[in-house]
Amino acid sequence: MLGGERIEGSIRVDAAKNAVLPILAAAILPEGDVIIRDCPDIRDVHAMAEILGKLGCETIWQNGEMLIRNGRLHQWEMPDELSKQIRSSIFLLGPILGKLRRATVTYPGGCEIGIRPIDLHLKGLRALGVRIVDAGGVLYCDGRDMHAGDVYFDYPSVGATENVMMAAVLLPGITTIHNAAKEPEIEDLQRFINRMGGKIRGAGTQIIEIEGVEKLHGISYAPIPDRIVAGTLLCAGAMNGGKMELSNVHPWDLVPVIDKLQEMGCRIRESGNRLTLEAPERLHAISQLQTQPHPGFPTDMQAQMLAACCVARGTSVIIENVFENRLSHVADLCRMGANIRVNGRMAVVQGVDAMHGMRVMARDLRGGAALVLAGLCAQGETIVENIALIDRGYAHLEDTLSALGAKIDRIDV
Ligand code: EPZ
């Protein structure tokens with residue numbers, strides 16, 4: 001890409017990756033087909049659909065909709081190569097147990113941003129009576145004696161909360177999750193399951209109650225918009241002096257991001273499902289940004305905001321509290337001329353007047369997106385390698401940014 005173009009215009013945001021993935025997992029629960037509307041064309045969604053296919057479901061992707069036919073679901077063993085393919089495969093553990101009462105999975109393994117343990121997932125399922133034997137990294141799960149129960153999470157894990165919700169929805173009785181994650185995607189999963197006939201309440205608060213039902217029926221559903229894609233595009237506009245309008249967004253899911261962009265000098269107006277951003281001539285630094293579980297500042301927006309701080313006036317302090325290795329984009333940003341010091345999970349960013357283009361490499365999904373944002377405002381040409389990582393969570397990012405005025409192409413290097 002060639003930096004320096006104003007990034008502005010209007011763009012519509014797709015459904016959220018982190019809502020669609022658990023909803024795809026929950027789509028094995030009902031007796032009947034599920035259609036996910038507005039489904040983003042991203043690698044993680046297609047990888048999850050492939051796993052559903054291996055379990056016996058039929059998935060058909062067409063015109064931005066994913067059809068899931070689960071009538072022939074029979075496989076409770078998740079082969080290792082699939083578990084490794086996408087971490088979110090672990091979201092299938094709960095629904096497979098909820099539906100078939102047995103499951104064999106392997107540890108999904110870590111990724112670029114951290115070890116990604118699943119101890120809380122297993123603690124939650126054991127509290128529901130699942131017997132789990134770990135034999136050399138393969139988890140043999142016996143759910144024949146599963147029952148409703150009380151689950152307490154030492155940390156409000158998003159995935160563990162979703163797994164227990166899905167495992168409990170067909171269990172007679174009331175299951176209560178204490179210290180549940182409160183992300184908007186959890187509320188969306190509750191909405192989706194309740195539309196299928198489930199009885200869940202409390203999502204979005206730290207206590208979620210799941211009242212077991214006999215069965216669920218299929219539905220057609222449009223998940224919530226992707227607040228992280230929306231935040232990423234707002235950063236693109238903020239860094240390149242533009243005026244940007246986003247449609248199909250939930251401003252109330254973006255409060256911490258909007259707050260920080262306003263602190264940096266952006267004028268942001270909300271009206272219903274629309275957001276407009278007007279960037280200042282030059283961004284101001286952020287006194288401090290700390291990532292936290294929702295409703296704190298989302299860790300998935302840390303890299304993008306850090307990129308924006310690189311060209312802001314003043315010194316910003318950014319602390320990553322959620323994942324242990326989520327600052328790998330700093331090295332490449334420094335190669336582009338950014339002035340950043342890292343101490344543990346803290347990055348101190350001294351804004352520079354300009355960065356310069358460079359050949360850099362995406363090392364994780366959101367860090368890769370941050371490098372694209374930096375390239376859009378750097379002087380000269382930037383090449384971002386390993387963009388398959390970015391394709392995991394952004395559908396045709398180069399097309400979206402081109403439509404907003406960027407000089408950017410996908411090339412084979
Ligand atoms: C979800 O991951 C998201 N992924 C992540 O988005 C997001 O960053 C994360 O939630 C936090 O918001 C999807 O929804 C598909 P966690 P998840 O369990 O569920 C520790 C992106 O860029 N932990 O809330 O894996 C864990 O190590 C991705 O779109 C345990 O210790 O997140 C981490 O430090 C990246 N034991 C913290 O909790 C467990 O059993 C948060 O993890 C589970 C998690």
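Above this text you will find the structure in question.
Residues numbered from 1 in each chain as written. Predicted model: local features only at pLDDT ≥ 70, side-chain atom pairs only at ≥ 80, totals over all residues. Heavy atoms only, no water.

Asks: Please explain the overall build of the protein chain as it appears in this structure.
Replies: Summing up its helical and strand segments, the protein chain has 14 helices and 21 strands in all. Relative to the globule expectation of 22 Å for 413 residues, the C-alpha radius of gyration of the protein chain, 21 Å, shows essentially globular dimensions. Within the protein chain, the proportion of its 413 residues that are buried is 59%. The contacts of the protein chain with a sequence gap of at least 6 include a subset with a gap of at least 24, amounting to 70%. Working note: accessible area of the protein chain is about 15,900 Å², and carbon and sulfur atoms make up 48% of it. (Helix = DSSP H or I, 4+ residues; strand = E, 2+ residues; numbered from the N terminus. Rg over C-alpha atoms; globule rule 2.2 N^0.38 Å. Buried < 20%, exposed > 50% of the residue type's maximum accessible area, 1.4 Å probe, protein only. Contact = heavy atoms within 4.5 Å. Areas by Shrake-Rupley, 256 points an atom, 1.4 Å probe, with all protein chains shown as cover.)

Asks: What should I look at first to understand the packing of aromatic side chains in this one?
Replies: In the structure shown here, the tally under the stated rule is 1 aromatic pair. With a centroid separation of 5.3 Å and 65° between ring planes, the pair formed by F192 and Y221 is classed as edge-to-face. Of the two residues, F192 is situated in helix α7 (residues 184–195) and Y221 in strand β12 (residues 220–221); the sequence distance between them amounts to 29 residues. Among the residues examined, F192 registers a relative accessible area of 0% and is labelled buried. Among the residues examined, Y221 registers a relative accessible area of 2% and is labelled buried. (Phe/Tyr/Trp six-rings, centres within 6.5 Å; stacked < 30°, edge-to-face > 60°.)

Asks: Would you take a moment to explain the sheet that holds β12 for this structure?
Replies: Pairing is mixed across the open sheet formed by 4 strands, whose spatial order is β3-β4-β2-β12. With one partner strand each, in any of the chains shown, β3 (58–62) and β12 form the two edges of the open sheet. Summarising the sheet, β3 and strand β4 (residues 65–69) pair through 5 bridges and their orientation is antiparallel. Bridge pairing in β4 places E58 opposite R69. (Pairing = 2+ DSSP bridges.)

Asks: Is there a simple way to explain the site of the ligand in this structure?
Replies: Surveying the vicinity of the ligand reveals 24 residues, the closest of which are D119, L120, S157, D300 and V322. Within the side chain of R116, an N or O atom sits 3.0 Å from an oxygen atom of the ligand. Among the secondary structure elements, those contributing two or more residues to the shell around the ligand are α1 (17–26), α5 (119–127), α6 (158–168) and α12 (365–377). Here the residues of the shell around the ligand sort into 11 nonpolar, 6 polar and 7 charged. (Near = heavy atom within 4 Å. Polar contact = N/O pair within 3.5 Å; in protein donor to acceptor, adjacent residues only side chain to side chain. Nonpolar A, V, L, I, M, F, W, Y, C, P; charged D, E, K, R; others polar.)

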